[in-house]
Amino acid sequence: MTLLVLRHSRFGLIIILGAFFCLQLAAARQPRRSSGSDDGDDHYCHPRDATADTLKSVDGSGCMSTQAKQTKSPDFNGKKWKWDPTSKSHPCNIRRISHTELLRRYGEGGVPNLYPYPLVIYADDNGGNDNGKSKFVNLTTLDNLPSNFPPNFHVTLTGSDSLSSHRRTVPLTQYLREVLAANGGSGETLPNQLGNETWYLFGETFSEEWAEFLERYELPTCQSCTPLHREQNKIALSFGVGNIGSGVQWHLHGPGFSETIHGRKHWVLYPPEDRPEYDLDYASRHWMENTYPALEDWGDEDLRMEKKNHEEFLRSWNERTASNRRRAVGQMSGEEAERGPSSKKPWECTINRGEMIYFPDQWHHATINLEKYTVFVSSFTTEHEG
């Protein structure tokens, strides 16, 4: 069941579906461990698409090989990490679709309610209000962000462990300095740093000042992202800033979107039945370092099935009856008995500047920021069948 946190402000009733107010019951069940196309402009990243460290330029989308090898980056004691957040060759096995192709498939409403699989949506010539997006990008640069708020504006930071169990309040300008100066000026969060000691701006941006600022953000194109939904406070926005390697450990909650405004952000996801194992006390990079490298790569059959799932949903959607749409969502949303951690690597993709990911309802996911100044906005929706 999705957790709802309700607050009142002069902007009305705000429904908060934050990643930091995720289903803590599911997280609490984790064991404690010490270590661990033929139909438009959409694309997949197949092994033949790129060599180990070469960017495949399909359409400017940054599509990478699912078999791309990870380079190793040194820590500050001369050690080399197994998973390098600064690499430009992270795999992507999630369906990538242009904004134009999204509208061609599902109409002006965009992403259907309760879409059952992750999607990465990238802008093209029909990418929406480009002028509005450019203004918001400019507002959120490192130099400009503090000027959107009162002098000495304070922000509430949370720990990066799975339960976001700690809070800390500091001036926004201080947090930005700390982000850039982390670990000797590298602007990097290391995999061996405890999550409750790794401070992160996200999930606590629901004050009146934040609400006023986020009014300038253009919502994703989805059937639950209309101006009416916004007016009725049926969609909640959360703003985030992180540095290299920062991010939140595995968690789950209701559906929504996350758009990268500056930098790059890597997402890893599993369907509801494939609950991953992880250490509650660490942030997501710890899992990428200690568990991810030992998992099995996706093969051609995995990629084929992932594409087939999207096409089957589209066919059901095109039948245009509510009953068929409900059946399509129910049959494809992972309504299976929990089977525990998968031996395969997760659904994953790097979300570049100007791109967004749709995360389905109750999918396990974790995130890792890849650049020194990574800015993103998440939109938590209230979706219903039909």
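Analysis parameters
- Within any chain, residue numbers begin from 1 and follow the written order of that chain's sequence.
- The model is predicted, so local features are restricted to residues of pLDDT at least 70 and side-chain atom pairs to those at 80 or more, both for listing and for counting; the totals for chains, interfaces and linings are taken over all residues.
- Calculation of side-chain values draws on the structure's entire complement of heavy atoms; hydrogens and water are dropped beforehand.
- Helix and strand definitions here come from DSSP, where helices need a minimum of 4 consecutive H or I residues and strands a minimum of 2 consecutive E residues; each element is numbered from the N-terminal end.
- With residues, only the protein chains shown are counted as cover, and all accessible areas are computed by Shrake-Rupley using a 1.4 Å probe.
- What is meant by a nonpolar core is a set of buried Ala, Val, Leu, Ile, Met, Phe, Trp, Tyr and Cys residues, joined one to another through side-chain atoms within 4.5 Å.
- Only protein chains enter the area calculation, which uses a 1.4 Å probe; residues under 20% of their type maximum are buried, those over 50% are exposed, and those in between are partly exposed.
- Contacts are assigned to residue pairs with any non-hydrogen atoms lying within 4.5 Å of each other.
- Only a pair of cysteine sulfur atoms within 2.5 Å qualifies as a disulfide here.
- Here a salt bridge means any side-chain nitrogen of Lys or Arg lying within 4 Å of a carboxyl oxygen belonging to Asp or Glu.
- At least two DSSP bridges between two strands are required for those strands to pair.
- Here an axis means a line fitted to C-alpha atoms, over the contact stretch when the element is a helix, while the angle between two N-to-C directions is reported on a 0 to 180 degree scale.
- Planes of paired rings set the category: under 30 degrees apart is stacked, over 60 is edge-to-face and the rest tilted, where pairs are Phe, Tyr or Trp rings (Trp by its six-membered ring) whose centres lie within 6.5 Å.
- In this scheme, Lys NZ or Arg CZ marks a charge over a ring once it lies within 6 Å of the ring centre and within 35 degrees of the ring normal.
- Each residue gets a pLDDT score, which is the predictor's confidence in that residue and runs from 0 to 100.
- Given a helix with a known number of residues, its expected span is that number minus one, times 1.5 Å.

S.K.: Explanation requested: the overall build of the chain in the structure shown.
M.R.: Across its full length, the chain holds nine helices and 16 strands. In the form shown here, the chain has an accessible surface area of approximately 15,900 Å², with 49% of it arising from carbon and sulfur atoms.

S.K.: For this particular structure, what's the right way to read the nonpolar core?
M.R.: The biggest cluster of nonpolar side chains holds 60 residues, and the ones touching the most others in it are Leu145, Val155, Tyr175, Phe239 and Val241. In this structure Tyr175 touches Val155, Leu157, Val170, Trp199, Tyr200, Leu201, Val241 and Gly242, once residues within four positions along its chain are discounted. Ranked by size, the runner-up nonpolar core spans 13 residues in total, among them Val268, Tyr270, Met288 and Tyr292.

S.K.: What's the story with the state of the cysteines in this structure? I'm lost.
M.R.: By definition, a disulfide links the sulfur atoms of two cysteines through a covalent bond. Taken as a whole and assessed by the stated rule, the structure comprises two disulfides. Each sulfur of the disulfide joining Cys92 and Cys349 lies 2.1 Å from the other. With the S-S bond torsion at -95°, the cross-link from Cys92 to Cys349 turns out left-handed. Residue Cys92 is located in the loop between β4 (80-81) and β5 (96-98), and its partner Cys349 is located in strand β13 (residues 347-352); the two are separated by 257 residues in the primary sequence. Taking the relative accessible area as the measure of exposure, Cys349 reaches 2% and is therefore buried.

S.K.: So what exactly am I meant to see when it comes to the pattern of salt bridges here?
M.R.: Side-chain pairs of opposite charge can arise where the charged atoms are in close proximity. This structure, assessed with the given rule, holds 14 salt bridges. Between Asp302 and Lys344 there is a salt bridge, and its shortest N-O distance comes to 2.8 Å. Of this pair, Asp302 sits in helix α8 (residues 300-318) while Lys344 is found in the loop between α9 (322-332) and β13, placing the two residues 42 residues apart along the sequence. We classify Asp302 as partly exposed; its relative accessible area is 24%. One salt-bridge network, in which partners are shared between bridges, spans Arg95, Glu101, Arg104, Arg105 and Glu311.

S.K.: How do you make sense of unusual backbone geometry when you look at a structure like this?
M.R.: It is generally the case that most residues other than glycine have a negative phi and that most peptide bonds are trans. A positive phi angle, close to 55°, is found at Asn233, a residue other than glycine. Tracing the sequence through the fold places Asn233 in the loop between α6 (227-231) and β10 (235-242). The phi dihedral of Gln362 falls on the positive side, at around 65°, and the residue is not glycine. Following the sequence through the fold, Gln362 ends up in the loop between β14 (355-359) and β15 (364-369).

S.K.: Would you take a moment to explain the sheet that holds β5 for this structure?
M.R.: Two pairing modes exist for strands in a sheet, parallel and antiparallel, and in both the strands are linked by backbone hydrogen bonds. If you walk across this open sheet you meet the six strands as β5-β6-β14-β11-β16-β10, and the pairing is mixed. Taken across any chain shown, the strands that pair with only one partner, and hence form the sheet edges, are β5 and β10. With direction set aside, neighbouring strand axes in the sheet form an average angle of 25°. Inspection of the sheet shows β5 paired to strand β6 (residues 119-122) by three bridges, in the parallel sense. Bridging from a neighbouring strand, Ile97 pairs with Ile121 of β6.

S.K.: I keep staring at the sheet that holds β13 and nothing clicks. Help me out?
M.R.: Here three strands make up an open sheet; going across it, the order is β13-β12-β15 and the pairing antiparallel. Of all strands in the sheet, those bounded by a partner on one side alone are β13 and β15. Sheet twist, expressed as the average angle between the axes of neighbouring strands with direction ignored, equals 20°. The sheet contact formed by strand β12 (residues 264-270) and β13 spans six bridges and is antiparallel. Directly across from Lys265, in β13, lies its bridge partner Ile351.

S.K.: What exactly am I supposed to notice about the environment of Ile244 here?
M.R.: Along the polypeptide, Ile244 turns up in the loop between β10 and β11 (256-262). Exposure remark for Ile244: the relative accessible area of 10% places this residue in the buried category. Separated by 129 residues in the primary sequence, Ile244 and Tyr373 place their C-alpha atoms 7.6 Å from one another. Not counting residues up to four positions away in its chain, the partners in contact with Ile244 are Pro85, Thr86, Ser186, Gly187, Glu188, Thr189, Asn369, Leu370, Glu371 and Lys372.

S.K.: Any chance you could explain the packing of aromatic side chains here in plain terms?
M.R.: Each aromatic ring pair is characterised by the separation of its centres together with the angle its planes make. Tallied over the full model, the rule gives 26 aromatic pairs. Relative to Phe313, the ring of Tyr106 lies with its centre 6.3 Å away and its plane at 55°, an arrangement referred to as tilted. Highlighted residues: Tyr106 in helix α2 (residues 99-106) and Phe313 in helix α8, separated in sequence by 207 residues. When its relative accessible area of 6% is taken as the criterion, Tyr106 is described as buried. Cation over ring: Lys265 sits above Phe376, and NZ or CZ is 3.6 Å from the ring centre. Here Lys345 stacks its cationic end above the ring of Tyr292, 4.9 Å away from the centre of that ring.

S.K.: What is the right way to look at the environment of Pro91 in this model?
M.R.: Here Pro91 is to be found in the loop between β4 and β5. Sequence separation of Pro91 and Asp297 is 206 residues, and the distance between their C-alpha atoms is 9.8 Å.

S.K.: Looking at this model, I keep getting lost on the confidence of the model for the chain. Mind explaining?
M.R.: Low-confidence regions, as indicated by low pLDDT, have predicted coordinates that should not be scrutinised in detail. With 73% of its residues at a pLDDT of 70 or more, the chain shows a mean pLDDT of 80. Considering only residues more than four positions removed or in separate chains, one finds that residues 46-76, a stretch of pLDDT under 50, has 83 contacts. Contacts of residues 325-334 to residues separated by more than four positions or lying in other chains number 20 contacts, the stretch itself having pLDDT below 50.

S.K.: Is there a simple way to think about α8 in this case?
M.R.: One turn of an α-helix holds 3.6 residues; hence residues three or four places apart share an orientation. In this model α8 runs 27 Å from its N-terminal to its C-terminal C-alpha over 19 residues, within 8% of the 27 Å that 1.5 Å per residue would give. Three or more residues of α8 are buried, namely Leu303, Glu306, Asn309, His310, Glu311, Phe313, Leu314, Ser316 and Trp317.

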